[in-house]
Amino acid sequence: LRTLMVRTSESGQTMAIVMFSGEFDQPKQQLMADFAAAFPDTHSLYYIINNTKNSSPIGHQPVLFYGQECINEQCGHLNLRIHPASFFQTNTSQATRLYRLVASWAALDGTQLVYDLYSGIGSIGLFLADKAKKVIGIEVIADAVDGAKENAELNGLHNAQFFCGEAEKLCDQSFFAEHGTPDLIIVDPPRPGLHKNLIAGLLQIQSPRILYISCNPGTQADDLEQLGQKYRIVRHQAVDMFPQTMHVENVVELALR
């Protein structure tokens, strides 16, 4: 037994994912059966076999042992299906506050084309979709793209499209010529920040506005310095996603100079 991950939703549903270092069929099956018996209210129970030297679930196929394939989450007006491989903020109430801040700053009136880069399961783009003309999401993880499409359908949002690929490679002139020039770009990259090629692309595209959401203000500051060649900072706001820790999500609005 290597790790146990438990995810809970605002609706009270629970998903548990147990990670083993090998098959160990008999003891694995016994432990999983004992888990299911001890916690019968678990909505979704999975296990993962990971015989590598790290404890990351990425790249390992979750196996459903008991219950349903996903749990349902409510984020403001948005319903989301959370699968084992889905990335979603662990603090849903603060995620809702974060998304409402982004929506307020986006100030959409139904005429804007919004690009959501590093879109994950589509939560940010879909949160804004009912006020946008169209939302285009780009995400490198195929399972997340499938989840974003599923969540768009779940919420009846037909003006959102999601594409699988690296943002720094997909976001070129031909892509924008085919899908439209953005009125607003939202970026929410992982901790290392924006890829240098994407920064170069953003400077070339020259969207009127960018909303940059970051879980690492240090790398965000480095990226903002480079984007400062053509953009000015309008405002910024930190959101305390992880109380009693040093970690925050920081939102910065940029406007073309």
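Please refer to the structure placed before this passage.
Residues numbered from 1 in each chain as written. Predicted model: local features only at pLDDT ≥ 70, side-chain atom pairs only at ≥ 80, totals over all residues. Heavy atoms only, no water.

A.B. asks: Account for the pattern of salt bridges, with residues named and values stated.
C.D. replies: Inspection of every chain in the model, using the stated rule, returns six salt bridges. Where Asp-25 meets Lys-28, a salt bridge forms, and the shortest distance between an N and an O atom there is 3.6 Å. Residue Asp-25 and its partner Lys-28 are both found in helix α1 (residues 25-38); the two are separated by three residues, about one turn of the helix. Between Arg-209 and Glu-253 there is a salt bridge whose closest N-O contact spans 3.3 Å. In this pair, Arg-209 is assigned in strand β11 (residues 209-214) and Glu-253 in strand β13 (residues 249-256), connecting sequence segments 44 residues apart. (Salt bridge = Lys/Arg side-chain N within 4 Å of Asp/Glu carboxyl O. Helix = DSSP H or I, 4+ residues; strand = E, 2+ residues; numbered from the N terminus.)

A.B. asks: Report on the nonpolar core, specifying residues and quantitative values.
C.D. replies: In terms of nonpolar packing, the biggest core is built from 41 residues, with Phe-88, Val-102 and Ile-186 touching the most fellow members. Those residues in contact with Ile-186 that lie beyond four places of it in its chain are Val-102, Val-114, Tyr-115, Asp-116, Leu-117, Ile-124, Leu-128, Leu-211 and Ile-213. Membership of the second largest hydrophobic core comes to 24 residues, among which are Ala-167, Phe-176, Leu-202 and Leu-224. (Core = buried A, V, L, I, M, F, W, Y, C linked by side-chain atoms within 4.5 Å. Buried < 20%, exposed > 50% of the residue type's maximum accessible area, 1.4 Å probe, protein only. Contact = heavy atoms within 4.5 Å.)

A.B. asks: How would you sum up the sheet that holds strand β8 (residues 134-139)? Please name residues and give values.
C.D. replies: Reading across from one edge, β9-β8-β7-β10-β11-β13-β12 is the order of the seven strands in this open sheet, with mixed pairing throughout. In this open sheet, the two edge strands, each paired with only one partner strand, are β9 (160-164) and β12 (231-239). Averaged over all adjacent pairs, the angle separating strand axes in this sheet is 15 degrees, with direction ignored. Alignment of strand β7 (residues 113-117) against strand β10 (residues 184-187), held across four bridges, turns out to be parallel. Bridge assignment links Leu-117 to a residue of β10, and that residue is Val-187. Packing against the sheet, helix α4 (residues 142-154) makes contact with β8 and β9, and its axis sits at approximately 170 degrees to β9. (Pairing = 2+ DSSP bridges. Axes fitted to C-alpha atoms, helices over the stretch in contact; angles between N-to-C directions.)

A.B. asks: Describe the sheet that holds strand β3 (residues 44-49), listing the residues and the values that go with them.
C.D. replies: With mixed pairing, the four strands of this open sheet are ordered in space as β1-β2-β3-β4. Strands at the two margins of the open sheet, each flanked by one partner only, are β1 (3-8) and β4 (63-67). Adjacent strand axes in the sheet meet at a mean angle of 20 degrees, parallel and antiparallel pairs treated alike. Two strands pair when backbone bridges link them, and strand β2 (residues 14-20) and β3 are joined in this way by six bridges, in the parallel orientation.

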